[in-house]
Amino acid sequence: MLTRKEKIYEGKAKILYKTNDPMYLIQYFKDDATAFNAKKKGTIVNKGILNNQMSSFIFQFLEKNGVKTHFKEKLNDREMAVRALKIFPVEVVVRNCVAGSLAKRLGLEEGMALQQPILEFFYKSDPLDDPMISETAPVALGWMTQKEVEYVNQEVWKVNKLMTQFFDERGIDLIDYKLEFGKDAQGNIFLADEISPDGCRLWEKGTGEKLDKDRFRRDLGKVEESYEKVCRLICGTL
Ligand code: TMP
Ligand code: ASP
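In what follows, the accompanying structure is described. (Residues numbered from 1 in each chain as written. Chains lettered and ligands numbered in written order. Predicted model: local features only at pLDDT ≥ 70, side-chain atom pairs only at ≥ 80, totals over all residues. Heavy atoms only, no water.)

### Examining the site of ligand 2
So, step 1. Lining the immediate environment of ligand 2, one finds Lys12, Thr34, Ala35, Phe36, Asn37, Ala38, Lys213 and Arg217.
So, step 2. Taking Asn37, its main chain carries an N or O atom lying 2.8 Å from an oxygen atom of ligand 2.
So, step 3. For ligand 2, the protein covers 73% of the area, taking 260 Å² as the surface of the free molecule.
So, step 4. When the residues that make up the shell around ligand 2 are grouped by side-chain class, the tally is three nonpolar, two polar and three charged. (Near = heavy atom within 4 Å. Polar contact = N/O pair within 3.5 Å; in protein donor to acceptor, adjacent residues only side chain to side chain. Areas by Shrake-Rupley, 256 points an atom, 1.4 Å probe, with all protein chains shown as cover. Nonpolar A, V, L, I, M, F, W, Y, C, P; charged D, E, K, R; others polar.)

Okay, here's the thing in structure tokens:
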């Protein structure tokens, strides 16, 4: 049995704990919500429980379809066991439709279709506000090898195909989202972090209603209800 030991990292939405097994950590999901690099702070009631449930479900779906993820098992309402990894300091953003910072940067209408998905890379750094970097930067800066970048790219396309179909079948358009990867002591790479409405833009098919953290970022109301709705659509239960 995995037992929780000392805290090793506390982020804006999650806490990581060591366990009695050096191979695994416990990832604890909080209700804390932040936006704009924590310039805006709040709480989304039961978000931790919902995000743990949704992330567990999606990681299992991806694993079944050949994607290696850090997910081991859901332990309880707010905790999952995950592989101990060294996380690359890179956030990969996949965009299937124009929204958010892309719309702002290029002066485009949110919701505009793209001819093909866009991949963007950001440096994971709170003090620098996660600046955008080029695809060649991680190798140039010694964060990743060329082979690791190529592997991550290949996994991202696989994940995007699986996830767009997954959400599509559940009445949701997957507009954009952020992924993180890490590697274990043997150099194997896994999809890490979480997959939830905190890091994805999810628009209800037909109505276009936003069902993700933009409701919190933009003060649109019905935040909790939207997370619950996504959870119901994904997992079938709450
Ligand atoms: P953006 O349009 O603000 O660049 O965000 C693109 C996607 O990435 C969106 O689904 C939200 C997600 N994201 C995070 O998960 N964490 C972040 O720090 C940022 C900036 C975006
Ligand atoms: N997660 C980031 C933050 O706290 C950005 C965001 O999701 O908008 O601040």
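### Examining the pairing of strand E5 (residues 40-43)
So, step 1. As judged from the four bridges shared by strand E4 (residues 32-35) and E5, these two strands associate in the antiparallel manner. Counted as the bridge partner of Ala33 is Gly42 from E5.
So, step 2. Taking the residues that link successive antiparallel strands as the turn, the E4-E5 hairpin has four residues, and the phi of Phe36 there is positive, at about 55 degrees. (Pairing = 2+ DSSP bridges. Helix = DSSP H or I, 4+ residues; strand = E, 2+ residues; numbered from the N terminus.)

### Topic: the sheet that holds strand E2 (residues 14-19)
So, step 1. Strand order in the open sheet formed by five strands is E1-E2-E3-E7-E6, and the pairing between neighbours is antiparallel. What marks the edges here is a single partner per strand, and that holds for strand E1 (4-10) and strand E6 (71-76). Sheet twist, expressed as the average angle between the axes of neighbouring strands with direction ignored, equals 30 degrees.
So, step 2. Here E2 runs beside strand E3 (residues 24-29); their pairing, made up of five bridges, is antiparallel. Its bridge partner lying in E3, Leu16 is registered against Gln27.
So, step 3. Running at roughly 150 degrees to E6, helix H1 (residues 47-64) makes contact with E3, E6 and strand E7 (79-83) of the sheet. (Axes fitted to C-alpha atoms, helices over the stretch in contact; angles between N-to-C directions. Contact = heavy atoms within 4.5 Å.)

### Digging into the nonpolar core
It is characteristic of soluble globular proteins that their nonpolar side chains tend to be buried jointly.
So, step 1. Counting residues in each nonpolar core, the largest one holds 51 residues, and the members touching the most others are Leu62, Met163, Phe167, Leu179, Leu191 and Ile195.
So, step 2. In contact with Phe167, other than residues within four places in its own chain, are Ile58, Ile172, Leu174, Leu202 and Ile234. (Core = buried A, V, L, I, M, F, W, Y, C linked by side-chain atoms within 4.5 Å. Buried < 20%, exposed > 50% of the residue type's maximum accessible area, 1.4 Å probe, protein only.)

### A look at the sheet that holds strand E15 (residues 200-204)
So, step 1. Spatial ordering of the open sheet is given by E11-E10-E9-E12-E15, a layout of five strands whose pairing is antiparallel. What marks the edges here is a single partner per strand, and that holds for strand E11 (132-133) and E15.
So, step 2. In this sheet, strand E12 (residues 172-179) lies alongside strand E9 (residues 90-97) in antiparallel orientation, the contact comprising four bridges. Across the sheet, the residue bridging to Arg95 is Asp176, located in E12.
So, step 3. The sheet strands contacting helix H4 (residues 146-168) are E9, strand E10 (113-123), E12 and E15, and the helix crosses E12 at an angle near 150 degrees.

### Notes on the packing of H1 against H4
So, step 1. Closest axis-to-axis distance for the H1/H4 pair is 11 Å, and the angle between their directions is 125 degrees. By the angle class used here, H1 and H4 are oblique. Between H1 and H4 lies a crossing of right-handed hand. Residues Phe57, Ile58, Phe61 and Leu62 of H1 form the contact with H4, whose own contacting residues are Val159, Leu162, Met163, Phe166 and Phe167.
So, step 2. In terms of residue class, the contact of H1 with H4 is made up of nine nonpolar, no polar and no charged. (Parallel < 35°, antiparallel > 145°, perpendicular 65-115°, else oblique. Left-handed = near helix turned anticlockwise from the far one by under 90°.)

### Quick look at the packing of aromatic side chains
So, step 1. Within the structure shown, the criterion is met by five aromatic pairs.
So, step 2. A centroid spacing of 6.3 Å and a plane angle of 25 degrees characterise the contact between Phe59 and Phe71, whose relative ring orientation is stacked. With Phe59 in helix H1 and Phe71 in strand E6, this pair connects stretches of sequence that are twelve residues apart.
So, step 3. Looking at Phe71, the relative accessible area reads 11%, which means it is buried.
So, step 4. Taking the centre distance of 4.7 Å and the plane angle of 20 degrees together, the rings of Tyr123 and Trp143 count as stacked. Here Tyr123 is found in strand E10, whereas its partner Trp143 is found in the loop between helix H3 (137-140) and H4, with 20 residues between them in sequence.
So, step 5. Taken together, the ring pairs connect Phe57, Phe61, Phe166 and Phe167 into an aromatic cluster.
So, step 6. The ring of Phe190 is capped by Lys68, whose NZ or CZ atom sits 5.2 Å from the centre of that ring. (Phe/Tyr/Trp six-rings, centres within 6.5 Å; stacked < 30°, edge-to-face > 60°. Lys NZ or Arg CZ within 6 Å of the ring centre and 35° of its normal.)

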